[in-house]
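Chain by chain, the residues run as shown.
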Amino acid sequence: MTTPSRGARRSLCALLPVLLTACGDSPAGTPDAGPPWDGTYTELEDRGYWVDTGRHDACQFVDADNLDPLLCQRPSGFDLSGCSAAELSTLEDQGIYQVVLRAERRVRPDRPASTFVSGGSISFRLSADGSQDALGSGPLLTRDTGNGTFFFSGRRTLALTTGNLVTTAAFAGCHVPSPGVITGCYVSCVENPVTGYSKTLGTFEATRMTWAPREGEASGGLARVGEASTTMIRPADLYIAKEHAYVVSLDRPPLLGGLSVFDVRDRTNPTLVKTLSFPGDTSWNGVWAKDDTLYVASNSSGLVILDISDPANPTFVRRAEGPTTVHTVLVDGNRLYANSPGTGTYVYDLATPMNPTLLQIVRPTVEGGYGDGPHDAFVYENRLYVSNASDGFQIMDVADLNDVRQLGSYFLPRLATYAHHSAVGTFAGKTIAFEGGEFAGSHVRVLDVTNPAAHIPLIGTFRMRAATSMHNLLLRGNLLYVAWYHEGLRVLDVSNPTKPNQVAHYNTFREDDPGREHSVFEGNYGVRIPGDGYVYLVDASRGLIILNEL
């Protein structure tokens, strides 16, 4: 079958606005993106998320073996004699930072100190008046920033069945190697009710989450057409159908998430027309539509079915048979795939879209796995590609749901890796999967999945700043659209999949947006391209953003 050009697809879909869900947002990419790739590649070593580049700075903790807890919140615990007050004085006294940690030594009273190297990440926020200061999910205890000094400490308490786990950490800045980047030393002290007291020492690199160096708001011909916010907190996913954008949101108690409906008939002026949530059910993470039915992935009530025959006024129909937690949903033809973490992918028949019938539960086999997936899934040519969280990436034959077979697995390096989302297409006759992760250091992996039972080689990668996380992927022909949280939207030319090349971007993240948080999961959550000539984004603070399609 001949695949119409991207411009031709836009024209066809423009004539059929009511059927936008069938025009451009099916899971599969272009059947074959064709040249210029000749299909040859060199298999790459998978280095995981965190790539060790050595110590981030030369400063040291003064008394590494001293287990005095007060040293975890005092600058006197660090030797900062080689640090540059002149460089530190250039820093603004505020900002949102993502931090890459290099742990180097651990001390416990019940065993000898150990030297090791391991990666990690955390975030912090400093505000000009101190009102929003935070380290991770906890408040700051002390802060001394400005006039050539950079030091703060914070504490987090986690309630366990065995007691409280209390972590106190201190960060001492030493140098500013480039604008918005701070390097220095840190110490983390943990009071564990089971294992006792321990202290971890290391160095860090903190990156302020302004736009990447030398970048503007947009490039490559992308431009904002329209934008609209919502009263719902933390928008996380969207779907475009019937000239409306359906945006689902997570909650942050006491603030509510749920569904926001935008009329997008005028793309330059999208209008919020309705919000919807249910008592005790306000954390909605994924959304898809088919005909007059909207499917919502709820973290507390499973698969929620809404009637959108009146597109501006969705009404509740039922909750489908299945799990009480659904994280993501996807429709492919007359099948709906709902992913329930720790349980499996529930497959439904949509012969009657408002009454899905459960057909099968797909559970990949993972020896020695953590059992925390599946997080998401993608369907292409009768295969289900399961992003199985910490258990890697599995490929299932789902042509016959009565005979589901596991074709192969790609196991990620265990250190800080997480299979989150994927997109699959055909290039030069080979089936290529673009696998994406989550958390700091996550990046695009390009995998040859033509023969997964024999071998799945890594043939390409694409990374952004080491402190940032990507989120979701969307393949359209030879263009891969990546929703990359703080990095906004990244558009990659993958016509040669071994060498993904950025051709456009749009930055959505801004520190001063109302409701902006400081975690690694901030910025652009999702992207949809329904084929109507526009690209639709959802940002955790800004809500719906509409761009022109390339």
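Residues numbered from 1 in each chain as written. Predicted model: local features only at pLDDT ≥ 70, side-chain atom pairs only at ≥ 80, totals over all residues. Heavy atoms only, no water.

Asks: Tell me what's going on with the sheet that holds strand 30 (residues 430-437), and back it up with residues and numbers.
Replies: With antiparallel pairing, 4 strands are arranged side by side in an open sheet as 29-30-31-32. Single-partner strands in this sheet number two, and they are strand 29 (419-427) and strand 32 (458-462). Averaged over all pairs of adjacent strands, the angle between strand axes in this sheet comes to 20°, irrespective of strand direction. With 8 bridges connecting them, strand 29 and strand 30 associate as antiparallel partners. Paired with Ala423 across the two strands is Phe434, which belongs to strand 30. (Pairing = 2+ DSSP bridges. Helix = DSSP H or I, 4+ residues; strand = E, 2+ residues; numbered from the N terminus. Axes fitted to C-alpha atoms, helices over the stretch in contact; angles between N-to-C directions.)

Asks: Give me the lowdown on the confidence of the model for the protein, citing residues and values where you can.
Replies: Scored by pLDDT, the protein has a mean of 91; 93% of the residues are at 70 or more. Counting interchain partners and residues more than four positions distant, the pLDDT-below-50 stretch residues 1-24 has 41 contacts. (pLDDT = per-residue confidence, 0-100. Contact = heavy atoms within 4.5 Å.)

Asks: Could you give an account of the nonpolar core, naming the residues involved and the relevant values?
Replies: Grouped together as the largest cluster of nonpolar side chains are 41 residues, with contacts concentrated most on Leu259, Leu294 and Leu384. The contacts of Leu384, once residues within four sequence positions are left out, are Tyr337, Thr345, Val362, Ala377, Phe378, Val379, Gln394, Ile395, Met396 and Val398. (Core = buried A, V, L, I, M, F, W, Y, C linked by side-chain atoms within 4.5 Å. Buried < 20%, exposed > 50% of the residue type's maximum accessible area, 1.4 Å probe, protein only.)

Asks: Give me the lowdown on the layout of surface pockets, citing residues and values where you can.
Replies: What the second largest pocket holds in volume is close to 510 Å³. Along the walls of the second largest pocket sit 36 residues, with Thr328, Asp376, His420, His471 and Asn472 positioned nearest its centre. Within the residue set of the lining of the second largest pocket, elements represented by two or more residues are strand 13 (235-241), strand 17 (284-290), strand 21 (328-332), strand 25 (376-380), strand 29, strand 33 (472-476) and strand 37 (524-528). Of the residues that constitute the lining of the second largest pocket, the class distribution is 19 nonpolar, 11 polar and 6 charged. (1 Å grid on protein atoms, 1.4 Å probe; cavity = no way out; pocket = protein on both sides within 12 Å on 5 of 7 lines; lining within 4 Å. Points joined across faces, edges and corners; volume = space filled by probe spheres on them. Nonpolar A, V, L, I, M, F, W, Y, C, P; charged D, E, K, R; others polar.)

Asks: Requested: an account of the packing of aromatic side chains, with residues and values cited.
Replies: Counted according to the given criterion, the structure contains 19 aromatic pairs. Taken together, a centroid distance of 5.2 Å and an interplanar angle of 85° make the contact between Phe61 and Phe78 edge-to-face. Of this pair, Phe61 sits in strand 1 (residues 60-61) while Phe78 sits in strand 2 (residues 78-79), and the two are 17 residues apart along the sequence. The pair formed by Phe61 and Phe78 is uniform in burial state, with each residue classed as buried. For the ring pair Phe427 and Phe434, a centre distance of 5.7 Å and an interplane angle of 75° mean the geometry is edge-to-face. (Phe/Tyr/Trp six-rings, centres within 6.5 Å; stacked < 30°, edge-to-face > 60°.)

Asks: So what's going on with the environment of Gly146? Residues and values would help.
Replies: Tracing the chain through its elements places Gly146 in strand 6 (residues 140-146). Residue classification places Gly146 among the partly exposed residues on the basis of a relative accessible area of 28%. Distance in space between the C-alpha atoms of Gly146 and Ala85 is 9.5 Å, their sequence separation being 61 residues.

Asks: So what's going on with the sheet that holds strand 38 (residues 534-539)? Residues and values would help.
Replies: Pairing in this open sheet of 4 strands is antiparallel, and the strands run 12-39-38-37 from one edge to the other. Strands at the two margins of the open sheet, each flanked by one partner only, are strand 12 (224-228) and strand 37. Going across the sheet, the axis of each strand differs from the next one's by a mean of 20°, ignoring polarity. Where strand 38 meets strand 39 (residues 543-548), 6 bridges bridge the pair, whose relative direction is antiparallel. Of the residues in strand 39, the one forming a bridge with Leu537 is Ile545.

Asks: Got a sec to walk through unusual backbone geometry? Specific residues and values, please.
Replies: Cis geometry marks the peptide bond from Pro253 to Pro254, where omega comes out at 10°. Relative to the elements of secondary structure, Pro254 occurs in the loop between strand 14 (244-249) and strand 15 (258-263). At the junction of Gly373 and Pro374, the peptide bond is cis and its omega measures out at 0° in the coordinates. Looking at the secondary structure, you find Pro374 in the loop between strand 24 (357-362) and strand 25. The phi dihedral of Arg234 is positive, around 55°, even though this residue is not glycine. Tracing the backbone shows Arg234 in the loop between strand 12 and strand 13. Positive phi, normally seen in glycine, also occurs at Glu243, with a value near 60°. Secondary-structure assignment places Glu243 in the loop between strand 13 and strand 14.

Asks: Lay out the state of the cysteines in plain terms, naming residues and giving numbers.
Replies: Counted by the stated rule, this structure contains 3 disulfides. Paired through a disulfide, Cys72 and Cys189 show a sulfur-sulfur distance of 1.4 Å. Here Cys72 is found in the loop between strand 1 and strand 2, whereas its partner Cys189 is found in strand 9 (residues 181-192), with 117 residues between them in sequence. A single burial state applies to Cys72 and to Cys189, both of which are buried. Each disulfide pairs two cysteine sulfurs, and for Cys83 the partner residue is Cys174, the sulfurs being separated by 2.0 Å. Torsion about the S-S bond of the Cys83 and Cys174 cystine: about -100°, corresponding to left-handed handedness. Taken together, the positions of Cys83 in the loop between strand 2 and helix 3 (85-88) and Cys174 in strand 8 (residues 163-178) put the pair 91 residues apart, joining distant regions of the chain. As far as the burial class goes, Cys83 and Cys174 line up, both buried. Regarding the disulfides, the protein carries the connectivity 1-5, 2-6, 3-4 under sequence-order numbering of its bonded cysteines. (Disulfide = S-S within 2.5 Å.)

Asks: Go over the pattern of salt bridges with me, naming the residues and quoting the values.
Replies: Counted by the stated rule, this structure contains 26 salt bridges. One salt bridge in this structure joins Glu487 and Arg490, with 4.0 Å as the shortest N-O distance. Residue classification places Glu487 among the buried residues on the basis of a relative accessible area of 0%. Notably, a salt bridge pairs Glu522 with Arg516, separated by 2.9 Å at the nearest N-O pair. Here the two residues Glu522 and Arg516 agree in accessibility, since each one is buried. Within the structure, one salt-bridge network assembled from shared partners comprises Arg510, Asp513, Arg516, Glu522 and Asp539. (Salt bridge = Lys/Arg side-chain N within 4 Å of Asp/Glu carboxyl O.)

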